[in-house]
Amino acid sequence: MTPKNNILIGVIIGLIVITSYNIDANPLDFVDGFSNLGIILEEILVLENIIDNTKYVPSALLAMFETLQMAFIGTVVGVVIGMPFSMLAARNLNSKFVYAPIRTLLAIVRTFPSILWAILFVIVVGLGPFAGVLAIILYTIGFVTKLQFESIETIDSDPMDAVSSIGVSKFQLIRYVVIPEAASHLLGQMLYMFDYNVRQSAILGIVGAGGIGFFIIQYIKFFEYGKAAVYLFVVLIVVLGIEWISVKIRDKYIVKSQHGMEVTAK
Amino acid sequence: MKQIQMTQNPSFSLISTNKIIQMSDVSTSYDSRNFALEKINLSITRGTNYAIVGQSGSGKSTLLKLMNGMMIPSSGTIKIDYISPNMNNKKFKKMMHTIGYIPQSLGLVKNITVLDNILIGALPRLNKMQSFFKKFPEHEIIEARRIISLVGLTGKENRQAYMLSGGEKRRVAIARALMQKPTILLADEIVSELDHVTAKEIMNLIADAQKKMNLTAIMVHHDMKLALEYANRVAVIKEGHKILEIGVEGDTIVDFQTGDMTTEEIMGMYADDAKK
Ligand SMILES: Nc1ncnc2c1ncn2[C@@H]1O[C@H](COP(=O)(O)OP(=O)(O)OP(=O)(O)O)[C@@H](O)[C@H]1O
Ligand SMILES: [Mg+2]
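Residues numbered from 1 in each chain as written. Chains lettered and ligands numbered in written order. Predicted model: local features only at pLDDT ≥ 70, side-chain atom pairs only at ≥ 80, totals over all residues. Heavy atoms only, no water.

Caption draft 1: Structural context of the coordination of the magnesium ion (ligand 2). Residues and elements named next belong to chain B. For the magnesium ion (ligand 2), the full set of protein donor atoms is Ser 61 (OG) and Gln 104 (OE1), at a range of 1.9 to 2.3 Å. Of this pair, Ser 61 sits in helix α3 (residues 60-67) while Gln 104 is found in the loop between β5 (99-102) and α5 (114-119), placing the two residues 43 residues apart along the sequence. When its relative accessible area of 17% is taken as the criterion, Ser 61 is described as buried. (Donors = N, O, S within 2.8 Å, 3.2 Å for Na, K, Ca; no water. Helix = DSSP H or I, 4+ residues; strand = E, 2+ residues; numbered from the N terminus. Buried < 20%, exposed > 50% of the residue type's maximum accessible area, 1.4 Å probe, protein only.)

Set out below in structure tokens:
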């Protein structure tokens, strides 16, 4: 370890201490409050409470289904709208005068976390899942385009050059070379985005933008931790399930074709 | 002025109509320091089977890229069928549709099928709707299949391009170029890495197509023997200079020119090589 590294570590520790002080972070608060967690757990884990609360499982599943719908629509629409922007933002396909403003626009869209979009759309279209869907779409556009144009920029320039030399249009180049070459990445990013958006959609209910989060926050507000736990448990199971499925899809379709690319570096 | 030239040289226009590629004093570089090619002069008659030979790094690939507008010379003039290569020029862009180019790396789209790769050659003939929906007219698909059998890939048309052998990939790249209905075919060392038998097969295939379609074929080779065997004219490039051009008819050399260097200079270069 070099002295330079030691200084860096010292600086980081110093920053943690200073910022903790600034945000009022106190380990003692955490220790004191730990017993509260015990009270909640006790309420949740009493056997008769559990049995009693299982009757909320169907309504929790229904709410989770709404969340999945929001995530699905938001992801697909966001990816579809994002795609042309990614094509315009890729440096290997456009001149500076095109990609620079598009990138700036996308960077601005990206600065908003989904919850802020949700608040904005609740104001615009009112409470409910539609506001949540719009929030997910906007968030997806900001986020997935960055992944997309970066992977478009890494595609092999050989087929691009060979096909451009035929004098095809830019649209044809994108349709027949760029998209097939980047397809496995684009599909992987879409799956990743869906995965991520399911989690996000579960939260957006907190600001009234639909989905399961709305119920969870209501129950917590009224100290009904047992019911909240059922809903949280459903979120956990479904998110894990989706994660598992997307890993399977990735292994089956995406990893394989990328392997093929490696084999044919020439 | 122009008129005077014409009267002084009455055969000028007659000769020049046959020249599909003309380069005069063409130099180009990738960076500002070294020339990849320097003061290249050459003219290629329509229908010729032209070969470019030279060592690695001599500038062969660069010369081909100048011929299809993928590179622009830093000085000198190039005319491809009397048009200066320039991607932004509509007329030249149209000409690019019929310049088949097989780069050294082949440039196949790896994750699509053999047939789809070959159909790319027909893209300039599609209208917007057809290309949006990837709907190739029936006669183009028939043509693609005809070329697939010509290059010996029947049965493999639905195979992904990355699953092919090196020789098969070359056949796909050739087929894509033929699908363009080319008037000029530029091929960059497409047989260098192949075994002798396959190399000959592919060279014969191109020679056939060249005769049937009245193609001007310009092929880069590592191997002088192969070049002399198939080409009518062979240009030798060394360190960015064209040093020799040989005209061949059958087994006889009918024309021997030193290019941009004098015979003494060429001899001098070989003497240098000998010392090393
Ligand atoms: N993209 C590039 N950027 C910078 N320099 C390059 C580039 N491509 C080629 N060069 C240089 O230009 C010169 C000529 O290269 P070129 O590829 O034309 O050679 P070549 O005769 O085709 O060689 P080979 O037989 O190895 O393919 C070489 O010195 C090479 O280093
Ligand atoms: Mg080369």
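Back to the text.
Caption draft 2: Spotlight on the sheet that holds strand β10 (residues 252-258) of chain B. Residue and element names in this part refer to chain B. Pairing is mixed in the open sheet, where 7 strands are placed in the order β5-β6-β7-β3-β8-β9-β10. Each end of this open sheet is capped by a strand with a single partner; those strands are β5 and β10. With strand direction ignored, the average angle separating the axes of adjacent strands in the sheet is 15°. Here strand β8 (residues 233-238) pairs with strand β9 (residues 241-249) via 6 bridges, running antiparallel. By the bridge assignment for β9, Arg 233 is matched with Gly 247. Across the sheet, α3 touches β3 (49-54), β5, β6 (184-188), β7 (216-221) and β8, and the angle it forms with β3 is around 145°. Helix-sheet contacts for helix α9 (residues 196-213) involve β3, β6 and β7, and the interaxial angle to β7 is about 160°. (Pairing = 2+ DSSP bridges. Axes fitted to C-alpha atoms, helices over the stretch in contact; angles between N-to-C directions. Contact = heavy atoms within 4.5 Å.)

Caption draft 3: Geometry of the site of ligand 1. All names here are of chain B. The full set close to ligand 1 counts 13 residues, and Ser 56, Gly 57, Lys 60, Ser 61 and Thr 62 are the nearest of them. Here Ser 61 contributes a side-chain N or O atom positioned 2.7 Å from an oxygen atom of ligand 1. In the model, an oxygen atom of ligand 1 is placed 2.9 Å from a nitrogen or oxygen of the Gln 104 side chain. When the free accessible area of ligand 1 is taken as 630 Å², the share hidden by the protein chains comes to 59%. Classifying every residue of the shell around ligand 1 by side-chain character gives 2 nonpolar, 9 polar and 2 charged. (Near = heavy atom within 4 Å. Polar contact = N/O pair within 3.5 Å; in protein donor to acceptor, adjacent residues only side chain to side chain. Areas by Shrake-Rupley, 256 points an atom, 1.4 Å probe, with all protein chains shown as cover. Nonpolar A, V, L, I, M, F, W, Y, C, P; charged D, E, K, R; others polar.)

Caption draft 4: Spatial organisation of the confidence of the model for chain A. For chain A, the mean per-residue pLDDT works out to 88, and 95% of the residues sit at or above 70. Here residues 259-266 of chain A scores under 50 on pLDDT; set against residues more than four positions off or in separate chains, the count is 9 contacts. (pLDDT = per-residue confidence, 0-100.)

Caption draft 5: Just the sheet that holds strand β1 (residues 19-28) of chain B, in detail. All names here are of chain B. Spatial strand order, β2-β1-β4: 3 strands in an open sheet with antiparallel pairing. The outermost strands of the open sheet, each flanked by one partner alone, are β2 (37-45) and β4 (75-80). Pairs of neighbouring strands in the sheet enclose a mean axial angle of 10°, with direction left out of account.

Caption draft 6: View of the pairing of β9(B). Residues and elements named next belong to chain B. Counting buried positions over the 9 residues of β9 gives 8, a clear majority of the element. Hairpin connection between β8 and β9: a loop of 2 residues separates the two successive antiparallel strands, and Glu 239 in this loop has a positive phi of roughly 45°. Direction of pairing for β9 relative to β10: antiparallel, over a ladder of 6 bridges. Looking at the pairing, Glu 245 lines up with Gln 257 of β10. Linking β9 back to β10 in an antiparallel pair, the connection comprises 2 residues, with Gly 250 at a positive phi of about 60°.

Caption draft 7: Molecular detail of the pairing of β5(B). All names here are of chain B. The side-chain alternation of β5 yields two buried faces, one formed by Ile 99 and Tyr 101 and the other by Gly 100 and Ile 102. Of the pairings in the sheet, the one linking β5 to β6 comprises 4 bridges and is parallel in character. The residue of β6 that forms the bridge with Gly 100 is Leu 185.

Caption draft 8: Fine view of helix α8 (residues 157-164) of chain A. Of the residues making up α8(A), those classed as buried are Pro159(A), Met160(A), Ala162(A), Val163(A) and Ser164(A). Packing partners of the buried residues in α8(A) comprise α9 (170-204) of chain A together with α4 (90-96) and α8 (166-179) of chain B. The opening residue of α8(A), the one whose side-chain oxygen lies 3.1 Å from the backbone nitrogen of Asp158(A), is Asp156(A).

Caption draft 9: Quick peek at the packing of aromatic side chains. Residues and elements named next belong to chain A. One pass over the full model with this rule turns up 15 aromatic pairs over all chains. Ring centres of Phe 30 and Phe 34 lie 5.7 Å apart, and the angle between their planes is 65°; this geometry places the pair in the edge-to-face category. A residue pair is termed a helical-turn pair when its members lie 3 or 4 positions apart in one helix, as Phe 30 and Phe 34 do in helix α2 (residues 27-45) at 4 residues. Taking the centre distance of 6.3 Å and the plane angle of 15° together, the rings of Tyr 192 and Tyr 196 count as stacked. Within this pair, Tyr 192 and its partner Tyr 196 are both found in helix α9, separated by 4 residues, close to a single helical turn. (Phe/Tyr/Trp six-rings, centres within 6.5 Å; stacked < 30°, edge-to-face > 60°.)

Caption draft 10: Broad picture of the environment of Ile73(A). Residue and element names in this part refer to chain A. Mapping Ile 73 onto the fold places it in helix α4 (residues 57-89). Given a relative accessible area of 42%, Ile 73 falls into the partly exposed group. Once the C-alpha coordinates of Ile 73 and Ile 136 are considered, the two residues, 63 residues apart in sequence, prove to be 8.6 Å apart. Contact partners of Ile 73, with chain neighbours within four places excluded, come to Gly 78 and Val 133.

Caption draft 11: Up close: the nonpolar core. Counting residues in hydrophobic clusters, the biggest one holds 83 residues, and the most contacted among them are Leu93(A), Ile102(B), Ile174(B) and Ile190(B). Considering each element in turn, this core owes the most residues, 11 residues, to helix α7 (residues 129-153) of chain A. Every residue in contact with Leu93(A), bar those within four places of it in the chain, is listed here: Met87(A), Ile152(A), Met160(A), Lys170(A), Leu173(A), Ile174(A) and Val178(A). Of all hydrophobic cores here, the second largest spans 29 residues; its members include Ile20(B), Leu64(B), Leu66(B) and Leu186(B). (Core = buried A, V, L, I, M, F, W, Y, C linked by side-chain atoms within 4.5 Å.)

Caption draft 12: Region of the structure containing α3(B). Residue and element names in this part refer to chain B. For α3, the buried fraction is high: 7 of the 8 residues fall into the buried class. Burial in α3 covers these residues: Lys 60, Ser 61, Thr 62, Leu 63, Leu 64, Leu 66 and Met 67. Phi for Gly 69, located one or two positions after α3, is positive at around 80°.

Caption draft 13: Looking closely at the side chain of Gln180(B). Tracing the backbone through its elements, the reader meets Gln180(B) in the loop between α8 and β6. At 3.0 Å, the side chain of Gln180(B) forms a polar contact with the backbone oxygen of His97(B).

Caption draft 14: Molecular detail of the environment of Ala122(B). All names here are of chain B. Its place among the elements puts Ala 122 in the loop between α5 and α6 (128-133). Taking the C-alpha atoms as reference points, Ala 122 and Ile 141, 19 residues apart in sequence, are found 9.4 Å from one another. The contacts of Ala 122, once residues within four sequence positions are left out, are Phe 136, Glu 140 and Met 179.

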